Amino acid sequence: MESEAVYHLTMLRHAESQGNAFQVWQGQEDYPLTARGFEQAQALASRWRKEGVRFDRLISSPLTRAADTARAIATVLNLEIETHEDWIERDNGVLAGTHRDERPPMPDFIHTYMPVGEKGESANALFLRAGRALHAVLDGPPGRVLIVSHGGILNMAVYAVLGIAPLAHFRGPRFAFGNTGFASLVYDPLRGQWRVIGINDTRHLAAIGEPPIWQP
Amino acid sequence: MNENQFFITLVRHAESEGNVRQLFQGQDDYPLTDRGRRQAAALAKRLSLEGQSFDEVITSPLSRARETAAILAAALGMQEVTDAAWLEQDFGVWNPRSFRDPDFIASRPAFFTPYDQPGETGESALDLYRRGIAAVQSLLDRRPGKYLIVSHGALINMVLYAMLGIFPRPDFEGPRFPHANTGFSRMAYSPERHQWLLLAVNDHSHAHGI
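Keep in mind that this is a model prediction, so the values were computed, not measured.

(A) Spotlight on the packing of aromatic side chains. All names here are of chain B. This model, assessed by the stated rule, comprises 16 aromatic pairs over all chains. Note on F24 and F91: the rings are 5.1 Å apart at their centroids and 55 degrees apart in plane angle, and the pair reads as tilted. Of the two residues, F24 sits in the loop between α1 (17-20) and α2 (34-49) while F91 sits in the loop between β3 (81-82) and α4 (102-107), which places them 67 residues apart along the sequence. For F24, a relative accessible area of 12% gives the class buried. Taking the relative accessible area as the measure of exposure, F91 reaches 12% and is therefore buried. Ring geometry for Y129 versus F167: centroids 5.3 Å apart, planes at 80 degrees, classification edge-to-face. Of this pair, Y129 sits in helix α5 (residues 125-140) while F167 sits in the loop between α6 (153-164) and β5 (184-190); the two residues are 38 residues apart in sequence, bridging distant segments of the chain. Given a relative accessible area of 11%, Y129 falls into the buried group. Here a set of aromatic residues connected by ring pairs shows up, and it is made of F24, F91, W94, F99, F104, F112 and F172.

(B) Quick look at the interface of chain A and chain B. Listed as interface residues are 26 residues of chain A and, on the opposing side, 34 residues of chain B. Between chain A and chain B lies a buried interface of about 2500 Å² when both sides are counted; carbon and sulfur atoms form 57% of it. Here chain A is connected to chain B by 0 salt bridges. Going through the elements one at a time, β7 (174-175) and β9 (193-201) of chain A are the ones with two or more residues in the side of chain A that touches chain B. The greatest single-element share of the side of chain A that touches chain B, amounting to 8 residues, is contributed by β9(A). Of the residues that constitute the side of chain A that touches chain B, the class distribution is 14 nonpolar, 7 polar and 5 charged.

(C) Inspection of the pairing of strand β3 (residues 57-60) of chain A at higher detail. All names here are of chain A. The two faces of β3 match: R57 and I59 on one face and L58 and S60 on the other face are all buried. Alignment of β3 against strand β6 (residues 143-149), held across 4 bridges, turns out to be parallel. The residue of β6 that forms the bridge with S60 is V148.

(D) Main features of the nonpolar core. Counting 58 residues, the largest nonpolar core has A:L9, A:M11, A:L162, A:F175, B:I8, B:W86 and B:F177 as its most contacted members. Broken down by element, the residue count for this core peaks at 9 residues, all from α6(B). With residues near it in sequence (within four places) discarded, B:I8 still touches B:L139, B:Y147, B:I149, B:M163, B:S185, B:R186, B:M187 and B:W196. If you look at the next biggest cluster of nonpolar residues, it comprises 15 residues, including A:W48, A:A70, A:L77 and A:V148.

Scoring rules and cut-offs
Residues numbered from 1 in each chain as written. Chains lettered and ligands numbered in written order. Predicted model: local features only at pLDDT ≥ 70, side-chain atom pairs only at ≥ 80, totals over all residues. Heavy atoms only, no water. Phe/Tyr/Trp six-rings, centres within 6.5 Å; stacked < 30°, edge-to-face > 60°. Helix = DSSP H or I, 4+ residues; strand = E, 2+ residues; numbered from the N terminus. Buried < 20%, exposed > 50% of the residue type's maximum accessible area, 1.4 Å probe, protein only. Contact = heavy atoms within 4.5 Å. Buried area = accessible area lost by both parts, 1.4 Å probe. Salt bridge = Lys/Arg side-chain N within 4 Å of Asp/Glu carboxyl O. Nonpolar A, V, L, I, M, F, W, Y, C, P; charged D, E, K, R; others polar. Pairing = 2+ DSSP bridges. Core = buried A, V, L, I, M, F, W, Y, C linked by side-chain atoms within 4.5 Å.

Put into structure tokens, the structure is as follows:
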């Protein structure tokens, strides 16, 4: 039996940014949304308004691509935006903003404590930060919380929820987050139990003519 | 999708008579309800509209799964294959009680280890987990390709555990992946990186309003 005092977390990846369109590994480099990104954010805001979805809190990463996505939703659903540094994307060091073709060769094996891009965050550093960010949300009152963030850090937040530890060299499970794709997770503190309600829900994108992505 | 990839779609069966009566169905056999048949037809229509194709349609032998799979396979112009690897958890003497039955709730042990058998003779969490691992292995023993599987809620949860590297916890406290009738989860496996990519959990948008 579900108790009243549960946390409904919606973990949303930002809409398409210029960095996404250029296919670069953005990291903490700051890129604005593309025109299509603004449309995606608007499509999601309209969907949630139609469905009568409400949130008690909206927490956003400080980077422009997340903040602009958050603003589009906050305007439609009439929410205040709280900005939290811990939901920023992975620091990928010297690889920030690089395209695959211009990256220096990767080490043969990247263990979980090794910084990426020489001085960026290791897999474990990112995992610990995601755990701290999640903990801060659960230190607050139960309710419906929307988190607007990034693919790398959100993957580690889902790891923290499910009790999965990072593996070396980018192995281990990944959770898909398309632009404006969101995961829905419910935590019941009386049972200490998480329920995964959905992963990578992007159904609103059909309204702007983006075909369903059903295979990688 | 590259040629070494496995692309897996796990569907929970459509609504059965046992679901409507809120029973522990386990390995007992119940047919679909009319509503269940409409849910399966809605998913079949969606798969066709989205141009989804599969190399094999595999189903649990229980009627509620097999009927669902037959409706999906017919729409895809295919024939489903039955495999006992995808059977539901055996709940022992709890079948066919209702999980809402107050006598059942009162008699249920206060604490379950992952080794304890539900309903005295049923499958423990670890028994089921072991079957989840075997079910995953049975897919990866096939050639890379696209597989559509119709199975059951409890087993699908353990299959997800096996793919993601989660271990069962005492008293069913571990994470749950609830699946609606005809809700599907979808994942891709890349052997060269040993990486499972989870693409969807319990997508059942086709069944809204049925």
